[in-house]
Amino acid sequence: MTRLPLIALVIAAPSWADEPLTFEKHVRPILKAQCFHCHGEDGETKGGLDVRLARFIQKGGESGPAILPGNAAGSHLLELVKKGEMPKGKARLKPQEIATLEQWISQGAKTARPEPEKLGPEHAFTDEERSWWAFQPIRRPALPKPAASGNPIDAFIAEKLAQNGLSFSPEAEPRMLLRRASLDLTGLPPAPEEPEAADRTSFESTVDRLLASQQYGERWGRHWLDIAGYADSDGYTDKDLERPWAWKYRDYVISSLNKDKPFDEFVREQLAGDEMVPQPHRNLSPDAIEKIAATGFLRMAPDGTGAMNDKAAQNASIADTLKIVSTAFYGMTIGCAQCHDHRYDPITQADYYRLRAIFEPGFNTKSWKTPAGRLVSLLTDEEKAAGAKVEEEAKKIDAARLLKQEEFINEVLGKELEKAPEKDREALRTAYRTEVKKRTPQQVALLKAWPRINQLSAGSLYLYDTTYKTQYANTLKKMTEEAAAVRAKKPREEFLHAFDEAPMDEKVVPATFLFHRGEPDQPKHTVKPGDLTVLAGQRPIEIPEKDKALPTTGRRLAFARALTDGKHPLLARVIVNQVWLRHFGRGLVNSPNDFGQLGEKPSHPELLDWLASDFMDHGWSLKRLHKLIMTSRTYRQSSRRDAKRDRIDPDNRLLSRMNVRRLEAETLRDAFLAVSGRLNPKVGGRPVPVTFNEEGQVIIGIDTRDTAGRQTGKFVTLEGEDYRRSIYIQARRSTPLEMFAAFDAPAMTEANCAMRPNTTVSPQSLLLMNNLYMREHAQDLALRVQREAGADLNKQVVRAWELALSRRPSMADEQEALEFVKAQTAHYKAAPAKLEKVSGPPEKADAAPELLGLAALCHALLSSNEFLYVD
């Protein structure tokens, strides 16, 4: 029998090496993840072996008993596992897992409690699974010893620090703290005058000011749009069709956060806003528009049905929507139960389809609407009537133009017929006037012999002679423009990219089936809507199939109300953890989309529950939560490291200092625009388009390529729109901006992004050095410095530091910068160059060497770690 080397078993010894092992706590999780699929789940018992209970394993299958309690060496199951023959077709078990199995068998293969006679649905989970921390009710724990700051957060953090021989770091310098707070809450560095003002005001009042700014919603809206999977295109197929109205949801999110809409209300509107608005959804009030716009959340998933509307594309869109809902509000990987029971967490396959049944009536695969067919019009009846009147006026112009057009064509036709032999004229006239598909072969041949008559049309009048070109064609063009000008007076029709469930009688509500192995072509039995079964012991989990008081099923509204009732164990924990993550760079649970067995456990579980409870008790106010976190001593600490802290807590999970964080991709671009003075503060509206330049790079601009995708050389100015904040840049899944892709912005090729990766790779440095946008930002900053500091180079250097880094340079930095700029200026005097531009016509004249020399310094500052990172 093959045995693992002794050294491997020593290394693999589990943390409970000396404690009595039980099947439920130690062994079943291994078998559930690796073996249930073939040996017990869904009626499958290969080799006659069922491993879902310890006594089933002892009984064994066709090869006899699988284990012999107390005799690990003689246990057939352990022998197969050690040889790597089981689990079949999968990776070998980890040495630690094998060691656990061997130790359990050696100890007698014990169970924690008597096993049931039969395995019914009520035995789907063990007590150990039900007791997992994330599924326990949220209870407000008692505060530890009060902290000197008076902030409850500090009391929890200080307690753990003291237990580990640590204490808080000193408070960060005021200017550093201001930059941290400004970037955290607005995504923009502080304005040049703010550091001095901050020295004279309390940090609390600074936080209040930042929370009240319009930029707050844009900054934190970006975070939520990541979680919601926001994109301005459908994805799924190579066509990546545009979503022209997705921005209505983006603007809803920004507005809601700026208003500090209670988060429970924010959640309900996104899940069921359409069910809160009376049917039919016409002549909508501003409040109704807001609620229906919120349901764009349920339309953010990739959706290929606009390009290929088949069952697979429909099912993929629904599955991705459920993934977004479950990671956003549950912090759980419920999608792993689409094909089988979850391998690690107490979530059954039936649970997955119970959740799907909540949303099924809105998707309605029996009557699926493609993206273009599910838009909700905002045009009122009054506006439609006004538009109809305008259309009548325009049609009068159209009719007059058609008469004039026919008059011109007749005149030209007559002149062209005069060129033909008299005997052919009438036949040519008849052939020309005959509908194309009804022409005889003789008529076709005759017209082919007289191409100038054959090709005569309104569009070709200008080809016949100068008189026709200047008189006839221009007259028709002018009348066409007049009609277009009249039509431009019509009320503009806009739409909502929404999840709008149609009214339906309970007799026609679409059923939800559990799919065998997740295959939509293999439906099994129907399931009813409901929450996770594991929660049944502490709260109702059934969702009514049809609310008779509503024209829709009301399932989503009932679900949204249950989720936000203040007693659900997951939602508040998930949300406060997400907020903590954005402030500290890591969450109290540092797997924000996985509160299950494979995720991290909370570093401060009592603090997490206290924050969740306090969040709900105070009206689900995000802004209050921000202020509570940011005024804590924990947040206001310096980020300076020292040997003792690094030795005791190298990952800083205990938070004895602040974490250093790199700016996200969008914040980095916005910061470049802000310090260079180019940032366009316009709020909301249609996204700023992206396109390809001649080198194939994605840039901000209007697509002027021809139908074959070739560059035409045309340039259409965006009139400053290209300097808007990054949240307003079109988010095409297939064409992310180079800077966004390099600095880890999600392209949403997956459903959503609960936490961005944070990579450090060479392409980032290369982009900062060579990207044309970077050089343009540096030039813009240099121009601003010259405007504000004048021609004095010393003043220019100081101003560049103040604008870019929110501080004055040290004497050494200032002297080095002066020498650098002088050297660069000398270089450009010897080798003149022009200002560089990403798009638009190139500059004609060389730039001043002094400007280019200063731009080189600005480029270095914008690429520095001090600019890229938040201390």
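Residues numbered from 1 in each chain as written. Predicted model: local features only at pLDDT ≥ 70, side-chain atom pairs only at ≥ 80, totals over all residues. Heavy atoms only, no water.

Peer 1: Provide a residue-level description of the overall build of the chain, including the pertinent values.
Peer 2: What the chain contains, in helices and strands, is 35 helices and eight strands. Dimensions of the chain, computed from C-alpha atoms along their principal axes, come out at roughly 115 × 80 × 55 Å. For the chain, the proportion of contacts with a sequence separation of at least 24, taken over those separated by at least 6, is 71%. Surface exposure of the chain reaches about 39900 Å², of which carbon and sulfur atoms provide 53%. The averaged location of the 122 negative side-chain charges in the chain is 1 Å from the averaged location of its 124 positive side-chain charges. (Helix = DSSP H or I, 4+ residues; strand = E, 2+ residues; numbered from the N terminus. Contact = heavy atoms within 4.5 Å. Areas by Shrake-Rupley, 256 points an atom, 1.4 Å probe, with all protein chains shown as cover. Lys, Arg positive; Asp, Glu negative; His and termini not counted. Charge placed at Lys NZ, Arg CZ, Asp CG, Glu CD.)

Peer 1: Give a description of the nonpolar core that names residues and reports values.
Peer 2: The tendency in soluble globular proteins is for nonpolar side chains to be buried side by side. Membership of the largest hydrophobic core comes to 116 residues, with the highest contact counts inside it found for Trp 224, Leu 271, Phe 297 and Phe 329. Sequence-distant contacts of Phe 297, defined by excluding residues within four places in its chain, comprise Trp 224, Ala 228, Tyr 249, Gln 270, Leu 271, Ile 324, Val 325, Ala 328 and Phe 329. Ala 742, Ala 745, Leu 768 and Leu 818 belong to the second-largest nonpolar core, a separate cluster that totals 47 residues. (Core = buried A, V, L, I, M, F, W, Y, C linked by side-chain atoms within 4.5 Å. Buried < 20%, exposed > 50% of the residue type's maximum accessible area, 1.4 Å probe, protein only.)

Peer 1: Requested: an account of the environment of Thr 667, with residues and values cited.
Peer 2: Looking at where Thr 667 falls in the secondary structure, it is placed in helix α28 (residues 665–676). Separated by 91 residues in the primary sequence, Thr 667 and Asn 758 have C-alpha atoms spaced 14 Å apart. Beyond its immediate sequence surroundings of up to four residues, Thr 667 is in contact with Leu 183, Gly 187 and Arg 219.

Peer 1: Can you break down the packing of α28 against helix α31 (residues 772–789) residue by residue, with the values?
Peer 2: At a minimum axis separation of 8 Å, α28 and α31 run at an interaxial angle of 25 degrees. The orientation of α28 relative to α31 falls into the category roughly parallel. Along its contact with α28, which presents Phe 672, Leu 673, Ala 674, Val 675 and Ser 676, the element α31 presents Met 774, His 777, Asp 780, Leu 781 and Arg 784. Classifying every residue of the contact of α28 with α31 gives six nonpolar, two polar and two charged. (Axes fitted to C-alpha atoms, helices over the stretch in contact; angles between N-to-C directions. Parallel < 35°, antiparallel > 145°, perpendicular 65-115°, else oblique. Nonpolar A, V, L, I, M, F, W, Y, C, P; charged D, E, K, R; others polar.)

Peer 1: Tell me about helix α15 (residues 311–330), residues and numbers included.
Peer 2: Relative to the 28 Å expected for 20 residues at 1.5 Å per residue, α15 spans 27 Å between its end C-alpha atoms, a close match to the ideal helical length. In terms of burial, α15 is a largely internal element, 15 of the 20 residues being buried. Looking one or two residues beyond α15, the residue adopting positive phi is Gly 331, at roughly 60 degrees. (Expected span 1.5 Å × (residues − 1).)

Peer 1: How would you summarise the confidence of the model for the chain if you had to cite specific residues and measurements?
Peer 2: Looking at the chain as a whole, the pLDDT averages 92, with 96% of positions reaching at least 70. In the model, residues 1–13 has pLDDT below 50 throughout and makes 15 contacts with residues more than four positions away in sequence or in other chains. (pLDDT = per-residue confidence, 0-100.)

Peer 1: Outline the pattern of salt bridges, listing residues and values.
Peer 2: Going through the model one piece at a time under the given rule, you end up with 77 salt bridges. Put simply, Arg 250 and Asp 251 hold a salt bridge, and the shortest N to O gap is 2.6 Å. Each member of the pair Arg 250 and Asp 251 is classed as buried. Note that Glu 391 and Lys 490 form a salt bridge whose closest N and O atoms lie 2.7 Å from each other. Note that Glu 391 is positioned in helix α17 (residues 381–417) and Lys 490 in the loop between α21 (466–487) and β2 (495–496), a separation of 99 residues in sequence. Overlapping salt bridges bring together Lys 259, Lys 261, Glu 269, Asp 287, Glu 290 and Lys 291 as one network. (Salt bridge = Lys/Arg side-chain N within 4 Å of Asp/Glu carboxyl O.)

Peer 1: Pulling in residues and values, what's your account of the side chain of Asn 315?
Peer 2: The residue Asn 315 is located in helix α15 in this model. Among residues more than four places away in sequence, those in contact with Asn 315 are Gln 338, Arg 356, Phe 515, Gly 518 and Pro 520.

Peer 1: Lay out helix α24 (residues 605–617) in plain terms, naming residues and giving numbers.
Peer 2: If you check α24, its first and last C-alpha atoms are 18 Å apart, about what 13 residues at 1.5 Å a residue would give, namely 18 Å. Judged by how many residues are buried, α24 sits mostly within the fold: 10 of 13 residues are covered. If you check which residues of α24 are buried, you get Leu 607, Leu 608, Asp 609, Trp 610, Leu 611, Ala 612, Ser 613, Asp 614, Phe 615 and Met 616. Structurally, α24 contributes buried residues whose contacts are with α7 (152–163), α13 (263–272), α23 (571–584) and α25 (622–630). After α24 finishes, the residue Gly 619 shows a positive phi value of roughly 75 degrees.

Peer 1: Would you mind going over the packing of aromatic side chains in detail, with residue names and values included?
Peer 2: This model, assessed by the stated rule, comprises 24 aromatic pairs. Considering the side-chain rings of Trp 133 and Phe 595, the 5.2 Å spacing of their centres and the 35 degrees angle between planes classify their relative orientation as tilted. Taken together, the residues Trp 133 in the loop between α6 (127–130) and α7 and Phe 595 in the loop between α23 and α24 connect sequence positions 462 residues apart. Trp 133 sits in the buried class, given a relative accessible area of 17%. Between Phe 363 and Trp 368, the aromatic rings sit 6.0 Å apart at their centres with planes inclined by 10 degrees, giving stacked as the arrangement. Here Phe 363 and Trp 368 have matching classes, each one buried. (Phe/Tyr/Trp six-rings, centres within 6.5 Å; stacked < 30°, edge-to-face > 60°.)

Peer 1: Can you explain the packing of α23 against α24? Please cite residues and give values.
Peer 2: The geometry of α23 relative to α24 is characterised by a closest axis approach of 9 Å and an angle of 105 degrees between their N-to-C directions. Judged by the inter-axis angle, α23 sits roughly perpendicular to α24. In this structure, α23 contributes Ala 572, Arg 573, Ile 575, Val 576, Asn 577 and Trp 580 to the contact, and α24 contributes Leu 607, Leu 608, Asp 609, Leu 611, Ala 612, Phe 615 and Met 616. Of the residues in the contact of α23 with α24, the class split is 10 nonpolar, one polar and two charged.

Peer 1: Explain the environment of Arg 219 to me, using residue names and the numbers behind them.
Peer 2: With respect to the helices and strands, Arg 219 occurs in helix α11 (residues 214–228). Measuring from C-alpha to C-alpha, the distance between Arg 219 and Ala 612 comes to 22 Å, with 393 residues separating the pair along the chain. Not counting the four nearest positions on each side in its chain, Arg 219 is found in contact with Leu 183, Asp 184, Leu 185, Thr 186, Gly 187, Glu 664 and Thr 667.

Peer 1: Break down unusual backbone geometry for me, citing the residues and quoting the values.
Peer 2: In this structure, the amide linkage connecting Met 86 to the following residue, Pro 87, adopts the cis form with an omega of 0 degrees. Assignment of secondary structure puts Pro 87 in the loop between α4 (76–83) and α5 (95–106). For the bond running from Gln 279 to Pro 280, omega is -5 degrees, close enough to zero to count as cis. For Pro 280, the location among the structural elements is in the loop between α13 and α14 (286–294).

Peer 1: Got a sec to walk through the state of the cysteines? Specific residues and values, please.
Peer 2: As used here, a disulfide is simply a covalent bond connecting the sulfur atoms of two cysteines. In the structure shown here, the tally under the stated rule is zero disulfides. Counting only cysteine sulfurs, Cys 38 is the nearest neighbor of Cys 35, a cysteine outside any disulfide, at a range of 8.4 Å. When its relative accessible area of 22% is taken as the criterion, Cys 38 is described as partly exposed. (Disulfide = S-S within 2.5 Å.)

Peer 1: With reference to specific residues and values, describe the environment of Asn 659.
Peer 2: Of note, Asn 659 is situated in the loop between α27 (643–648) and β5 (661–662). Exposure remark for Asn 659: the relative accessible area of 11% places this residue in the buried category. Within polar-contact distance, the side chain of Asn 659 engages the backbone oxygen of Phe 584 at 2.8 Å. Among the polar contacts made by the side chain of Asn 659, one reaches the side chain of Asn 652 at a distance of 2.8 Å. (Polar contact = N/O pair within 3.5 Å; in protein donor to acceptor, adjacent residues only side chain to side chain.)

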